[in-house]
Amino acid sequence: MNILVTGGAGFIGSALCRHLVADPNNRVINLDKLTYAGNPASLRQIENVPNYRFIQGDICNEETVAGVLRAEKIGRIMHLAAETHVDRSIDGPGSFIETNILGTFRLLQAALKFWRSLPETAAERFRFHHVSTDEVFGDLPFDDSAFDEDTPYAPSSPYSASKAASDHLVRAWHHTFGLPVVITNCSNNYGPFHFPEKLVPLIILNALEEKSLPVYGTGANVRDWLYVDDHARALELVAAKGATGESYNIGGGSERTNLAVVETVCDVLDRKRPRRNLKSYRDLIAFVDDRPGHDRRYAMDTTKIERELGWRPRESFETGLARTIDWYLDNGWWWQPIRERRYRGERLGKSVVAR
């Protein structure tokens, strides 16, 4: 199967590429613009693998996408290219509208024209897999409720609104034009090669550098945590076997408050890499002004993907976090250049005051 992965130099996209190329029956074409969070170093271990090819390009350029689809005889598109960080969407929402909405539109147009040109058998096998987020559903109260695939959309941030719009576009191209699509909505990912603006890597690296560990508000906001390699397995399964026109929720079944996540990182580091002064890393925790419009809680009902496709996460939060911390301790070659040249851990998303 010839698979086009958009955004394959990003965190989840690179994990997906590494996973897919392990099957020699797959040929993986990675199309990535290489914005600030796209990192070819995340793909170093597969860059010379025969069934992998990297192309630097922008999904907003319909001609570029169309050329790749034709030249590589693509049978499956897995669309992950997106701006994803809520705080950056508060500071500068324009790029989120451009990439997440207009980029998805251009990609859909190119895919539709290509699909219509295929012979009948190839057209029947073709799939457009759109990868989205739980944040399109808004937030939940602090109870035992969870998002399912029929939860109404209620996005809260420029980021989640742009992803919600892209989900709607994908569904519209299916219902109006017949494009065979599947959609997945995932919970918070964590794991190796995660750009250090996100909570888990930020806390790990700040702790190692003896910097403060920022926690928004009181740290009571709750997220469901999904190890990225478990997500990659789910994505491959949905793209191959998911029902056309359907969406699937993917979650780790590991709800934690933000404060609990930070404290757990501290406790693991206390054991694996003690501070020079032998104090706990918890002493570095600092509560900071909350993010504007901060969603209270996300949780995913994964009954559908478990029942229909047989997927379940292999990693618990504890095992996945231990693997993640070990990776950051052992792979300074990847994250040190980012901290030195691209993102030093500064606070983002303060340009708007919540009212």
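Residues numbered from 1 in each chain as written. Predicted model: local features only at pLDDT ≥ 70, side-chain atom pairs only at ≥ 80, totals over all residues. Heavy atoms only, no water.

**Quick notes on the sheet that holds strand β4 (residues 76-79)**
Taken in spatial order, the seven strands of this open sheet run β3-β2-β1-β4-β5-β6-β10, and their pairing is parallel. Edge positions in the sheet fall to β3 (52-56) and β10 (247-250), since each of these pairs with one other strand and no more. Pairs of neighbouring strands in the sheet enclose a mean axial angle of 20°, with direction left out of account. As paired elements, β4 and strand β5 (residues 127-133) share four bridges and run parallel to each other. Residue pairing in the sheet places arginine 76 in a bridge with arginine 127 of β5. Set on the sheet, helix α6 (residues 158-177) makes contact with β5, β6 (181-186) and β10; between it and β5 the angle comes to about 155°. (Pairing = 2+ DSSP bridges. Helix = DSSP H or I, 4+ residues; strand = E, 2+ residues; numbered from the N terminus. Axes fitted to C-alpha atoms, helices over the stretch in contact; angles between N-to-C directions. Contact = heavy atoms within 4.5 Å.)

**Observations regarding the environment of threonine 319**
The topology assignment puts threonine 319 in helix α11 (residues 317-330). Among the polar contacts listed, one links the side chain of threonine 319 to the backbone nitrogen of serine 316, at a separation of 3.0 Å. (Polar contact = N/O pair within 3.5 Å; in protein donor to acceptor, adjacent residues only side chain to side chain.)

**Quick look at the nonpolar core**
Grouped burial of nonpolar side chains is what soluble globular proteins tend to show. By size, the foremost hydrophobic cluster in this structure holds 32 residues, and its most contacted members are Val5, Leu16, Met78, Leu80, Leu235, Ile250 and Ile305. Elements with a minimum of two residues in this core: β1 (2-6), α1 (11-20), β6, α8 (228-241), β10 and α10 (303-309). Among the elements that make up this core, the one with the highest residue count is α8 (seven residues). Contacts of methionine 78, omitting those with residues within four sequence positions, involve Ile3, Leu4, Val5, Thr6, Leu16, Leu20, His129, Leu235, Glu236 and Ala239. Judged by nonpolar contacts, the second largest core, of 31 residues, contains Val215, Tyr227, Leu284 and Ile285. (Core = buried A, V, L, I, M, F, W, Y, C linked by side-chain atoms within 4.5 Å. Buried < 20%, exposed > 50% of the residue type's maximum accessible area, 1.4 Å probe, protein only.)

**Focus on the pattern of salt bridges**
Once their charged atoms are close, side chains differing in charge can pair, the charge on each being opposite to the other. Evaluation of the coordinates by the stated rule reveals 20 salt bridges. In this structure, the salt-bridge partner of arginine 88 is glutamate 197, at a minimum N-O distance of 2.4 Å. Here glutamate 197 lies in the loop between β7 (188-190) and α7 (199-208) and arginine 88 lies in helix α3 (residues 86-91), a separation of 109 residues in the sequence. For arginine 88, a relative accessible area of 22% gives the class partly exposed. For lysine 272, the salt bridge is made with aspartate 326, and the minimal N-O distance between the two is 3.0 Å. (Salt bridge = Lys/Arg side-chain N within 4 Å of Asp/Glu carboxyl O.)

**Focus on the sheet that holds strand β11 (residues 255-257)**
Hydrogen bonds between backbone atoms are what pair the strands of a sheet, whose relative direction is either parallel or antiparallel. Sheet architecture is open: three strands sit in the order β7-β9-β11, paired in mixed fashion. The outermost strands of the open sheet, each flanked by one partner alone, are β7 and β11. Averaged over all adjacent pairs, the angle separating strand axes in this sheet is 50°, with direction ignored. Direction of pairing for strand β9 (residues 222-227) relative to β11: antiparallel, over a ladder of three bridges. Within the sheet, the bridge partner assigned to aspartate 224 lies in β11 and is glutamate 255. Along the sheet face, helix α9 (residues 258-272) touches β9 and β11 and points at about 90° away from the line of β11.

**Here we look at α7**
Within α7, eight of the ten residues are buried, which leaves the element mostly enclosed by the surrounding structure. Each element contacted by the buried residues of α7 is listed here: β7, β8 (213-216), β9, α9, α11 and α12 (332-341). Backbone geometry just after α7 places glutamate 210 at a positive phi near 60°.

**A word on the packing of aromatic side chains**
Applying the stated criterion across every chain yields a total of 16 aromatic pairs. Consider the rings of phenylalanine 193 and tryptophan 334, whose centres lie 5.6 Å apart with planes at 90°: the pair is edge-to-face. Here tryptophan 334 lies in helix α12 and phenylalanine 193 lies in the loop between β7 and α7, a separation of 141 residues in the sequence. Each of the two residues, phenylalanine 193 as well as tryptophan 334, counts as buried. Each residue in the set Phe137, Phe147, Tyr153 and Tyr298 is aromatic and connected to the rest through ring pairs, giving one cluster. The ring of tryptophan 333 has arginine 44 lying over it, and the distance from NZ or CZ to the ring centre is 3.7 Å. Of note, arginine 223 hangs over the ring of tyrosine 298, and the distance from its end group to the ring centre comes to 4.0 Å. (Phe/Tyr/Trp six-rings, centres within 6.5 Å; stacked < 30°, edge-to-face > 60°. Lys NZ or Arg CZ within 6 Å of the ring centre and 35° of its normal.)

**A look at the UniProt feature "domain: NAD(P)-binding" (unreviewed entry) in the chain**
The UniProt entry lists residues 4-323 under the feature "domain: NAD(P)-binding" (unreviewed entry), expressed in the numbering used here. Span residues 4-323 is 41% helix and 17% strand, its end C-alpha atoms 28 Å apart. (UniProt positions renumbered as here; feature names shortened; annotations may be inferred.)

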